[in-house]
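Survey of secondary and tertiary structure
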Amino acid sequence: MPVATKTEAVRAEIDQLDASASSAQELMQKLVKLLHERMLKYNWVGFYMIEPGSQPPMLVLGAFEGAMTPHVRIPLNQGICGAAASSGQTVVVDDVGKDPRYLACSLETKSEIVVPVFCHGKVVGELDIDSHFPAAFTAEHRDLVQHCAALVSRKLEASPS
Ligand code: SME
């Protein structure tokens, strides 16, 4: 059997976490810890969730690992975070210095990925990861981060409302 790549090994650990987590909140807390510890270029990992009933809709920082960010609340029309949540699409930015939408969290950040989290077809939040390395989020990483977001979506949909 071929030796698993790093992302394959981490994906297997993520699936174990998912099996043992009894709520979406617990899964999100464990995921940010695991991704931050195991993926060396994932220097800030956090979830933003849309505040229920907020008008205009607002992303609010949830579980995260890394330095505290000044962006605890982000309106949907601001930042790379707002772009991902309002479009429902994954956003990958290879050089944040060249993206006018970028809201700076750390001077060291060079690239970023934001993947929306859905619940019954509606965007309810997102998984945001910053790297100190340019273009850190290749297709392999995009797949891994999208897998994490999909697991959270599934947990949310399974939980009693
Ligand atoms: N860079 C994000 C803001 C969140 S911090 O990176 C944690 C953005 O442009 O929306």
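Residues numbered from 1 in each chain as written. Predicted model: local features only at pLDDT ≥ 70, side-chain atom pairs only at ≥ 80, totals over all residues. Heavy atoms only, no water.

1. A few points about empty space enclosed by the protein
Tallied over the full model, the rule gives one cavity of 30 Å³ or more. Around the largest cavity, the lining is made up of 14 residues, and of these Ile74, Cys81, Leu103, Glu112 and Asp128 lie nearest the centre. Elements with a minimum of two residues in the lining of the largest cavity: β1 (44-50), α3 (79-87) and β6 (122-131). Looking at the lining of the largest cavity, the element that brings in the most residues is α3, giving three residues. Of the residues belonging to the lining of the largest cavity, the class tally is eight nonpolar, three polar and three charged. (1 Å grid on protein atoms, 1.4 Å probe; cavity = no way out; pocket = protein on both sides within 12 Å on 5 of 7 lines; lining within 4 Å. Points joined across faces, edges and corners; volume = space filled by probe spheres on them. Helix = DSSP H or I, 4+ residues; strand = E, 2+ residues; numbered from the N terminus. Nonpolar A, V, L, I, M, F, W, Y, C, P; charged D, E, K, R; others polar.)

2. Some details on helix α2 (residues 24-38)
Its 15 residues place the ends of α2 21 Å apart at the C-alpha level, agreeing with the 21 Å of an ideal helix rising 1.5 Å per residue. Residues of α2 that are buried include every one of Ala24, Leu27, Met28, Leu31, Val32, Leu34 and Leu35, and no others. Contacts made by the buried residues of α2 are with α1 (6-20), β1, β2 (58-65), β6 and α4 (139-158). (Expected span 1.5 Å × (residues − 1). Buried < 20%, exposed > 50% of the residue type's maximum accessible area, 1.4 Å probe, protein only. Contact = heavy atoms within 4.5 Å.)

3. Digging into the side chain of Ser54
By secondary structure assignment, the location of Ser54 is in the loop between β1 and β2. In this structure the side chain of Ser54 is engaged in a polar contact, spanning 3.0 Å, whose partner is the backbone nitrogen of Met58. (Polar contact = N/O pair within 3.5 Å; in protein donor to acceptor, adjacent residues only side chain to side chain.)

4. A few points about the layout of surface pockets
In this structure, the largest pocket occupies an estimated 280 Å³ of space. Every residue lining the largest pocket is listed: Met49, Ile50, Glu51, Pro52, Val60, Cys119, Lys122, Val123, Val124 and Leu156. Every element with two or more residues in the lining of the largest pocket is listed here: β1 and β6. Ranked by residues supplied to the lining of the largest pocket, first place goes to β6 with three residues. Taken together, the residues of the lining of the largest pocket sort by class into eight nonpolar, no polar and two charged.

5. Quick word on the packing of aromatic side chains
Scanning all chains against the criterion turns up three aromatic pairs. An aromatic cluster is present here, built from Trp44, Tyr48 and Phe64 joined pairwise through their rings. (Phe/Tyr/Trp six-rings, centres within 6.5 Å; stacked < 30°, edge-to-face > 60°.)

6. Focus on the environment of Gln25
Take Gln25: it is sitting in helix α2. With relative accessibility at 42%, the residue Gln25 sits in the partly exposed group. Along the chain, Gln25 and Leu156 lie 131 residues apart, while their C-alpha atoms are 8.8 Å from each other.

7. Focus on the sheet that holds β6
Taken in spatial order, the six strands of this open sheet run β3-β2-β1-β6-β5-β4, and their pairing is antiparallel. Edge positions in the sheet fall to β3 (73-75) and β4 (91-93), since each has one partner strand and no second. Between one strand axis and the next, the sheet turns through 25° on average, direction left out of account. Pairing geometry for β4 and strand β5 (residues 111-119), over three bridges, is antiparallel. For Val93, the partnering residue across the bridge sits in β5 and is Glu112. Along the sheet, α2 contacts β1, β2 and β6; its crossing angle with β1, the most-contacted strand, is approximately 155°. α3 rests against β1, β2, β3, β4, β5 and β6 of the sheet, and its axis sits at about 35° to β5. (Pairing = 2+ DSSP bridges. Axes fitted to C-alpha atoms, helices over the stretch in contact; angles between N-to-C directions.)

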